[in-house]
Amino acid sequence: MASTVLRNCSKLLKINVRKCTILPHASTGVRHKSTIQYATRPDLPKLAYRKLKGKSPGVVFLPGFASHMGGQKAEALEEFCKSLGHSYLRFDYSGCGSSEGEMGNYNIGAWKKDVLYVLDELVEGPQILVGSSMGGWLMLLAALARPEKTVALVGISIAADHFVTAYNALPMETKKEIEEQGFWKFPTKHNEEGFYTLSRDFLKEAENHCILQSPIPISCPVRLIHGLKDSDVPWHVSMQVAERVLSNDVDVIFRKHGLHRMSEKDDIKLVVYTIDDLIDKLTTLG
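Predicted model only: the values in this text are computed from it and were never measured.

Thresholds applied
- Residues numbered from 1 in each chain as written.
- Predicted model: local features only at pLDDT ≥ 70, side-chain atom pairs only at ≥ 80, totals over all residues.
- Heavy atoms only, no water.
- Buried < 20%, exposed > 50% of the residue type's maximum accessible area, 1.4 Å probe, protein only.
- Helix = DSSP H or I, 4+ residues; strand = E, 2+ residues; numbered from the N terminus.
- Pairing = 2+ DSSP bridges.
- Right-handed = clockwise from strand over helix to strand, strands pointing away.
- Polar contact = N/O pair within 3.5 Å; in protein donor to acceptor, adjacent residues only side chain to side chain.
- Axes fitted to C-alpha atoms, helices over the stretch in contact; angles between N-to-C directions.
- Parallel < 35°, antiparallel > 145°, perpendicular 65-115°, else oblique.
- Left-handed = near helix turned anticlockwise from the far one by under 90°.
- Contact = heavy atoms within 4.5 Å.
- Core = buried A, V, L, I, M, F, W, Y, C linked by side-chain atoms within 4.5 Å.
- Expected span 1.5 Å × (residues − 1).
- pLDDT = per-residue confidence, 0-100.
- Phe/Tyr/Trp six-rings, centres within 6.5 Å; stacked < 30°, edge-to-face > 60°.
- Lys NZ or Arg CZ within 6 Å of the ring centre and 35° of its normal.

### With respect to the pairing of strand β11 (residues 250-255)
When you tally the buried positions in β11, you get five out of six residues, the bulk of the element. Sheet topology note: the strand β10 (residues 222-227)/β11 ladder contains six bridges and is parallel. Within β11, the position partnered with His226 by the bridge is Phe254. A crossover connection joins β10 to the parallel β11 through helix α7 (residues 236-244); in handedness this β-α-β unit is right-handed.

What follows is the structure, given as structure tokens:
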């Protein structure tokens, strides 16, 4: 059974964070970013990524749908890993951010391949995967495919099966319209248009990667952080994941006033503290 921790916005994890400076340049606004690099793959778009070399376990950040590696959480985690001397990698999926391609040409399966490429070719040794929203879904898929490379998982507003679940909940008339039109204007508050255009082919392909209908054979430590005021992905998705993952080391942490993006200062601190605790745990066990 997953353990559930409820906290409000004024309280953070009571974790004995090691003597390091969390978000070292947050107060001055000075950022010394890693250099953007491009991975060339045969017959596939170049992947843009930023990498810090360091000790194990490393941390890999997986952004959400239509997001990129330059977000607040991704950059804060780089500063944190740099302060501890641990390796860190963040990247953009095919068709997103600085990577090659048009986003509409790719799907969950293609982005899963991007993550596996990162684990196989761009990092060394055991990794803590940190997945935000759709990145949390891909994080689970990657952990299933590469258990030997995955030593812990941190899901932020995890969106496992989300597009498929949302589509299946639509009225029959709406589904019929989508079938006839060939696309769905998926509502969102995160762009000016107010929607993402998802093709019917994208939705059908996503069905091949749904994981919430059966036990999830992942045995590493799992931490799931979700805001109770998330209006994009319901918090109970994190509970579903926690119940289905076979690991005995699973915590679900709720933020009373947390929104979907979990990008407030205290939200990011909670993510950092959670990863710090996992690193300490894994290093001690190792």
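### Concerning the side chain of Glu78
You can see Glu78 is positioned in helix α1 (residues 72-84). A distance of 2.8 Å separates a polar side-chain atom of Glu78 from the backbone nitrogen of Ser34.

### A look at the environment of Asn191
Note that Asn191 resides in the loop between β8 (183-187) and β9 (195-199). Counting along the chain gives 125 residues from Asn191 to Ala66, while the straight-line C-alpha distance between them is 9.6 Å.

### Notes on the packing of helix α2 (residues 108-122) against helix α3 (residues 134-145)
In contact at an axis separation of 9 Å, α2 and α3 are set at 60° when each is read in the N-to-C sense. In this view, α2 runs oblique relative to α3, as classed from their interaxial angle. Relative to α3, α2 is oriented so that their crossing is right-handed. Residues Ile108, Trp111, Lys112, Val115, Leu116 and Leu119 of α2 form the contact with α3, whose own contacting residues are Met134, Trp137, Leu138, Leu141, Ala142 and Ala145.

### Description of the nonpolar core
One finds Ile108, Trp111 and Phe163 to be the most contacted residues of the largest nonpolar core, which totals 60 residues. The biggest single contributor to this core is α3, with eight residues. Those residues within four positions of Ile108 in sequence are excluded, and the remaining contacts are Met134, Trp137, Leu138, Leu141, Phe163, Phe202, Glu205, Ala206 and His209. Formed by 27 residues, the second largest nonpolar core is a distinct cluster that contains Ala74, Val154, Ile156 and Tyr273.

### Re helix α8 (residues 265-285)
End to end, α8 covers 30 Å across 21 residues, agreeing with the expected 30 Å (1.5 Å per residue, within 8%). Turning to α8, its buried residues are Asp267, Ile268, Leu270, Val271, Val272, Tyr273, Thr274, Ile275, Asp276, Leu278, Ile279 and Leu282.

### Some thoughts on the confidence of the model for the protein chain
When the pLDDT values of the protein chain are averaged, the result is 89; 88% of them are 70 or greater. Ignoring residues within four places in sequence, the model shows residues 1-22, a span with pLDDT below 50, making 55 contacts including any to other chains.

### Focus on the packing of aromatic side chains
This model, assessed by the stated rule, comprises 12 aromatic pairs. Taking 5.0 Å as the distance between ring centres and 65° as the angle between the ring planes, the aromatic pair formed by Phe65 and Phe163 counts as edge-to-face. Residue Phe65 is found in the loop between β4 (55-62) and α1, and its partner Phe163 is found in helix α4 (residues 162-168); the two are separated by 98 residues along the sequence. Assigned by exposure class, Phe65 and Phe163 land together as buried. Geometrically, the ring pair formed by Phe163 and Phe202 is edge-to-face, given 5.5 Å between the ring centres and 75° between the ring planes. Here the residue Phe163 occupies a position in helix α4, and Phe202 occupies one in helix α6 (residues 200-206), the gap between them amounting to 39 residues. Taken together through their ring pairs, the aromatic side chains of Phe65, Phe91, Tyr93, Trp111, Phe163, Tyr167, Trp184, Phe186, Tyr196 and Phe202 make up a single cluster. We note Arg41 situated over the ring of Tyr117; from NZ or CZ to the ring centre the distance is 5.4 Å.

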